[in-house]
Amino acid sequence: MIVMKRFYYIILSLMALFSAQAQDRLYIADFGINAGETKQVEIMLDNTVAYTALQADIYLPEGLTIEQEDGEYLFDLTDRKARNHTISSANLASGAVRILIASQTLKEISGNSGALVTFNIIADASFSGTKAIELKGVVATEADRTEHLLPDTQCTVTGPQGGDEPQGVALSTTMARLQLQQTLQLTNDAGAQVSWTSSDPTVATVDENGMVTALKNGMVAITATDAQGNSAWCAIWCYLRGDVNEDNTVDVVDVNQVVNIILGK
């Protein structure tokens, strides 16, 4: 009978332990971020057990990075830490960033819920869609060095939805003739934002809005490129009216050339 009671108490103790561990978790709340934006993110800890140390691996999706300074990740502990708690980080071969929170004197992390770590996430210029940040391999340690494996968690990161943004390049014209100093407004009829370049700015220039200006005789290609790398170009022939021999002047030489053409010489 006594043996059965002891066994019963052991079972209850184990159930209580596993129940506590099941409730404890390290996680990041879902958030949204725009392309090119930097946003502060919190790592939250809900705990029923008093922990002195934590280790976790952060897996970021493509297009998101953690802010750094002089090659070091910038993680900060909140006021849930004890005075001598520190946080360190390292890159893993798996691509994850490992963080380690520890106290040399085994001080306990205060409270039972709320933000424990803050850091900045940076979205690159092409970040879009819905992706996930994962926290894996979370190990929490008590003062007596008892280790607890906490569950893996993930948060949803929502960026600009690519389907809502116009993409592709379709120029309003693909060939044109311009007299010197004449202008031509090019547009991308596909609707996406594009950058404009001229193959020879000495022949014709193009501004950030697609306005082309002819400067001297010659042929030039004006290219439009969107954020995804799609591009299209327009061929521009720049000329001075009456400048038959294309020497940038209209003079008697041009007149004689026209006469010779008419006379078949």
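The preceding data block contains the structure.
Below: a short report on this structure. Here the structure is a predicted model, which means the values were calculated and not measured. Residue numbers here run from 1 along each chain, matching the order of that chain's written sequence. Confidence filtering applies because this is a predicted model: local features only for residues at pLDDT of at least 70, side-chain atom pairs given and counted only at 80 or more, and all residues used for totals across whole chains, interfaces and linings. Processing note: side-chain calculations cover all non-hydrogen atoms of the structure and skip hydrogens and water entirely.

### Thoughts on the overall build of the protein
And then number 1: Across its full length, the protein holds two helices and 21 strands.
And then number 2: In this scheme, a residue with accessible area under 20% of its type's maximum is buried, one over 50% is exposed, and one in between is partly exposed, where area comes from a 1.4 Å probe on protein chains only. Expressed as a percentage of the 265 residues in the protein, the buried residues total 35%.
And then number 3: Contacts were defined at the residue level, with two residues in contact if any of their heavy atoms lie within 4.5 Å. A fraction of 63% describes how many contacts in the protein between residues 6 or more apart in sequence connect residues 24 or more apart.
And then number 4: The method behind every accessible area is Shrake-Rupley, applied with a 1.4 Å probe, and residues are considered shielded solely by the protein chains displayed. As displayed, the protein has an accessible area near 15,400 Å², and 52% of this comes from carbon and sulfur atoms. Elements are defined by DSSP. Helices are runs of H or I of four residues or more, strands are runs of E of two residues or more, and each kind is numbered from the N terminus.

### Side note on the environment of A50
And then number 1: Here A50 shows up in the loop between β3 (38-46) and β4 (53-59).
And then number 2: For the pair A50 and G111, spaced 61 residues apart in sequence, the C-alpha separation works out to 8.4 Å.
And then number 3: Residues contacting A50, with those up to four places away along its chain left out, are E108 and E142.

### Remarks on the pattern of salt bridges
And then number 1: Put simply, a salt bridge is a Lys or Arg side-chain nitrogen that is within 4 Å of an Asp or Glu carboxyl oxygen. In total, this model carries three salt bridges according to the counting rule given.
And then number 2: When the shortest N-O distance is used, the salt bridge between D46 and R25 registers 3.7 Å. Residue D46 is found in strand β3, and its partner R25 is found in strand β1 (residues 25-27); the two are separated by 21 residues along the sequence.
And then number 3: A relative accessible area of 35% means that R25 is categorised as partly exposed.
And then number 4: Where D57 meets R98, a salt bridge forms, and the shortest distance between an N and an O atom there is 2.7 Å.

### Looking at the packing of aromatic side chains
And then number 1: Ring geometry is summarised as follows: Phe, Tyr and Trp rings, the Trp one being its six-membered ring, pair when their centres sit within 6.5 Å, and such pairs are stacked at plane angles under 30 degrees, edge-to-face over 60 and tilted between the two. Here the structure, examined in full by the defined rule, presents three aromatic pairs.
And then number 2: For the pair F75 and F119, a centre-to-centre distance of 5.2 Å together with 55° between the ring planes defines the contact as tilted. Placement of the pair is F75 in the loop between β7 (72-73) and β8 (76-77) and F119 in strand β11 (residues 115-123), with a sequence separation of 44 residues. Residues F75 and F119 agree in their burial class; the two are buried.
And then number 3: Joined through ring pairs, the aromatic side chains of Y73, F75 and F119 make up one cluster.
And then number 4: Just above the ring of Y27 sits the side chain of R25; from NZ or CZ to the centre is 3.7 Å.
And then number 5: Lying over the aromatic face of Y59, K136 brings its terminal NZ or CZ to 5.1 Å of the ring centre. Throughout this description, the term charge over a ring refers to an Arg CZ or Lys NZ atom that lies within 6 Å of the ring centre and within 35 degrees of the ring normal.

### Describing the pairing of strand β17 (residues 194-198)
And then number 1: The side-chain alternation of β17 yields one buried face, formed by V194, W196 and S198, and one unburied face, formed by S195 and T197.
And then number 2: By definition, two strands form a pair when at least two bridges between them are found by DSSP. Summarising the sheet, β17 and strand β20 (residues 218-226) pair through five bridges and their orientation is antiparallel. Across the sheet, residue T197 finds its bridge partner in β20, namely T223.

### A short note on the sheet that holds β20
And then number 1: Strand order in the open sheet formed by four strands is β15-β21-β20-β17, and the pairing between neighbours is mixed. Every interior strand has two partners, whereas the edge strands, β15 (175-179) and β17, have only one. On average, each strand axis in the sheet is tilted by 25° relative to the strand beside it, whichever way the strands run.
And then number 2: Examined bridge by bridge, β15 and strand β21 (residues 231-239) share five bridges and lie parallel to one another. Directly across from R177, in β21, lies its bridge partner W237. For helices, the fitted line uses only the C-alpha atoms of the stretch in contact; every axis is such a line through C-alpha atoms, and the angle between N-to-C directions lies from 0 to 180 degrees.

### Looking at the side chain of D57
And then number 1: Relative to the helices and strands, D57 is located in strand β4.
And then number 2: A polar contact is formed between the side chain of D57 and the side chain of R98, at a distance of 2.7 Å. Identification of polar contacts relies on pairs of N or O atoms within 3.5 Å, with a donor-acceptor requirement for protein atoms, meaning one able to donate a hydrogen and the other able to accept it, and with residues adjacent in sequence counted only if both atoms are side-chain atoms.

### Things to note about empty space enclosed by the protein
And then number 1: Points on a 1 Å grid over protein atoms alone make up a cavity when a 1.4 Å probe fits among them but cannot get out, and a pocket when they form an open set with protein on both sides within 12 Å along at least five of seven lines; lining residues each have an atom within 4 Å of a point. Grid points are joined across faces, edges and corners, and a volume is the space filled by probe spheres set on the points. Enumeration according to the criterion identifies one cavity of 30 Å³ or more in this entry.
And then number 2: If you add up the space inside the largest cavity, you get close to 30 Å³.
And then number 3: Forming the boundary of the largest cavity are L26, I43, L54, Q55, A56, I99, I101, L116 and V117.
And then number 4: Sorting the residues of the lining of the largest cavity by element identifies β4, β10 (97-103) and β11 as the ones contributing at least two each.
And then number 5: When residues in the lining of the largest cavity are grouped by element, the largest group, three residues, is from β4.
And then number 6: In this count, Pro and Cys sit with the nonpolar residues alongside Ala, Val, Leu, Ile, Met, Phe, Trp and Tyr, while Asp, Glu, Lys and Arg are called charged and the others, Gly among them, polar. For the lining of the largest cavity, a count of residues per class yields eight nonpolar, one polar and no charged.

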